[in-house]
Amino acid sequence: MAVVAVWKCDRDGAMFDNKKDAEEHDKMLELAANITALIERNVDGVSEEACEEIGLMLAKRRDVLAKACKGKPEALLEEEQSDEQADSENVTPLAANQ
């Protein structure tokens, strides 16, 4: 029987083949949580669920958002790879069994 090393993200239980991808995913989730908190504090009338979805979407697209803030606002409108497809490239198949 072979032993396979996997890294598990504390925040959502996602499992990864390597530590770097796991840490990157954890940082993205931390950013999403902080964006969510910022929205909740500053925008009235938005549900908690909507705030979480917005926070996660912005955190997943942080590179494009940074590019837009640096003077390329059209970057936000460009086609992007599906979030689900991008996530499935890094998450191990074991995560589906959890």
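Relevant structure appears above.
Sequence order as written defines the numbering, with residues in each chain counted from 1. In keeping with the model being predicted, local features are shown solely for residues with a pLDDT of at least 70 and side-chain atom pairs are shown and tallied solely at 80 or more, while totals for entire chains, interfaces and linings include all residues. Computation of side-chain values covers all heavy atoms of the structure but excludes hydrogens and water.

This part covers the nonpolar core. Ranked by size, the top nonpolar core spans 11 residues in total: Cys9, Ala14, Phe16, Ala22, Met28, Leu29, Ala32, Ile35, Ile39, Cys51 and Ala59. Labels follow the DSSP assignment, with helices taken as runs of H or I lasting at least four residues and strands as runs of E lasting at least two, numbered in each case from the N terminus. Those elements giving two or more residues to this core turn out to be α1 (19-42) and α2 (48-60). The element contributing the most residues to this core is α1, with six residues. Those residues in contact with Cys51 that sit more than four places away from it in its chain are Thr36, Ile39, Glu40 and Val46. We call a set of buried residues a nonpolar core when its members are Ala, Val, Leu, Ile, Met, Phe, Trp, Tyr or Cys and they connect through side-chain atoms within 4.5 Å of each other. Whether a residue is buried, partly exposed or exposed follows from its accessible area with a 1.4 Å probe, protein chains only, as a fraction of its type maximum: under 20%, in between, or over 50%, in that order. Here, residues are in contact when the closest pair of their heavy atoms is within 4.5 Å.

Attention now goes to the environment of Ala59. Its location among the elements puts Ala59 in helix α2. For Ala59, a relative accessible area of 0% puts it in the buried group. A sequence separation of 30 residues divides Ala59 from Leu29, and the C-alpha atoms of the two residues are 7.3 Å apart. Those residues within four positions of Ala59 in sequence are excluded, and the remaining contacts are Met28, Leu31, Ala32 and Ile35.

Another aspect to go through is the pattern of salt bridges. A carboxyl oxygen of Asp or Glu within 4 Å of a side-chain nitrogen of Lys or Arg is what we treat as a salt bridge. The tally for this structure, following the rule as stated, stands at four salt bridges. For Glu30, the salt bridge identified is with Arg11, shortest N-O distance 3.8 Å. Note that Glu30 is positioned in helix α1 and Arg11 in the loop between β1 (7-8) and β2 (15-16), a separation of 19 residues in sequence. Taking relative accessible area as the criterion, Arg11 reaches 45% and is therefore assigned partly exposed. Between Glu23 and Lys19 there is a salt bridge, with its nearest N and O atoms 3.8 Å apart. With Glu23 and Lys19 both in helix α1 and four residues apart, this pair spans about one turn of that helix. Given the relative accessible area of 47%, Lys19 is considered partly exposed. Where salt bridges share partners, they join Arg11, Asp26 and Glu30 into one cluster.

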